[in-house]
Amino acid sequence: NRWPRHELVLACGCEFYHKFIWQCLRDGVLAFSRLGVMDVIVASMKDLPDSLLVQSTACHTLGSFFTGLLSTLSTDNKVAQEKRRFVQDLDGIDLILKAMTRFPDSAALQFSACEALVTLYKCCDCNGDDDDNKASSITRMIKEAIDKSDAVTAIDKAMAKFPEDIGIQGWGDAFRKIVLA
């Protein structure tokens, strides 16, 4: 594998991609996808599960990526396929939940993980997915994967652990409203 596995390098790379996404949101999200950046972030989460720095930065970057998908008005299947790949092929939901479990005392990680889960779930209803049967099946698969996971429990724990953190409370409330509706 040609990618470095040093904790600081990976964390800085995640932060760079986060900034890159926000600088050129629509094009940045699609470039993020084409360059295989999500694969690097997921690999870093798998390779360094005990690194709070890597896990927190990766969750933060994924949250930004999914926020970018929310604002990307694409009618093709590229966006839908990227969401499916994250959930199905890369076990992304499980990685986020493992990070939340591994670092329950980190408000920054809990915030970023909650954001990533909410925006992943919300972006299932965007980008014209329902206009296409294949994309619509991807939307259903993602929602079912989140529904079957321990995401509600993990977010409830984060909310209970950080009752004064308005960011965690806000993302937690948003998640509960859309998932438990």
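The model shown is predicted, which means the values in this text are computed figures rather than measured ones.

1. Side note on helix α10 (residues 166-179)
Between its first and last C-alpha, α10 extends 20 Å over 14 residues, near the 20 Å set by a 1.5 Å rise per residue. The opening residue of α10, the one whose side-chain oxygen lies 2.9 Å from the backbone nitrogen of G167, is D165.

2. Looking at the environment of L120
On the secondary structure map, L120 appears in helix α7 (residues 107-122). With relative accessibility at 0%, the residue L120 sits in the buried group. Between the C-alpha atom of L120 and that of I93, which follows or precedes it by 27 residues, the distance is 9.2 Å. Setting aside its immediate chain neighbours within four residues, L120 contacts F66, F86, V87, I93, I142 and I146.

3. Points about the confidence of the model for the protein
Predicted confidence across the protein gives a mean pLDDT of 75, with 64% of residues reaching 70 or more. Per-residue pLDDT stays below 50 along residues 127-131; that stretch engages in 16 contacts with residues further than four places along the chain or on separate chains.

4. Side note on the packing of α7 against helix α9 (residues 151-161)
Put simply, α7 and α9 touch, their axes get as near as 10 Å, and they point 145° apart. Considering the relative orientation of α7 and α9, their crossing is left-handed. Here Q110, C114 and L117 of α7 come into contact with α9, specifically with A151, I155 and A158.

Definitions and limits used
Residues numbered from 1 in each chain as written. Predicted model: local features only at pLDDT ≥ 70, side-chain atom pairs only at ≥ 80, totals over all residues. Heavy atoms only, no water. Helix = DSSP H or I, 4+ residues; strand = E, 2+ residues; numbered from the N terminus. Expected span 1.5 Å × (residues − 1). Polar contact = N/O pair within 3.5 Å; in protein donor to acceptor, adjacent residues only side chain to side chain. Buried < 20%, exposed > 50% of the residue type's maximum accessible area, 1.4 Å probe, protein only. Contact = heavy atoms within 4.5 Å. pLDDT = per-residue confidence, 0-100. Axes fitted to C-alpha atoms, helices over the stretch in contact; angles between N-to-C directions. Left-handed = near helix turned anticlockwise from the far one by under 90°.

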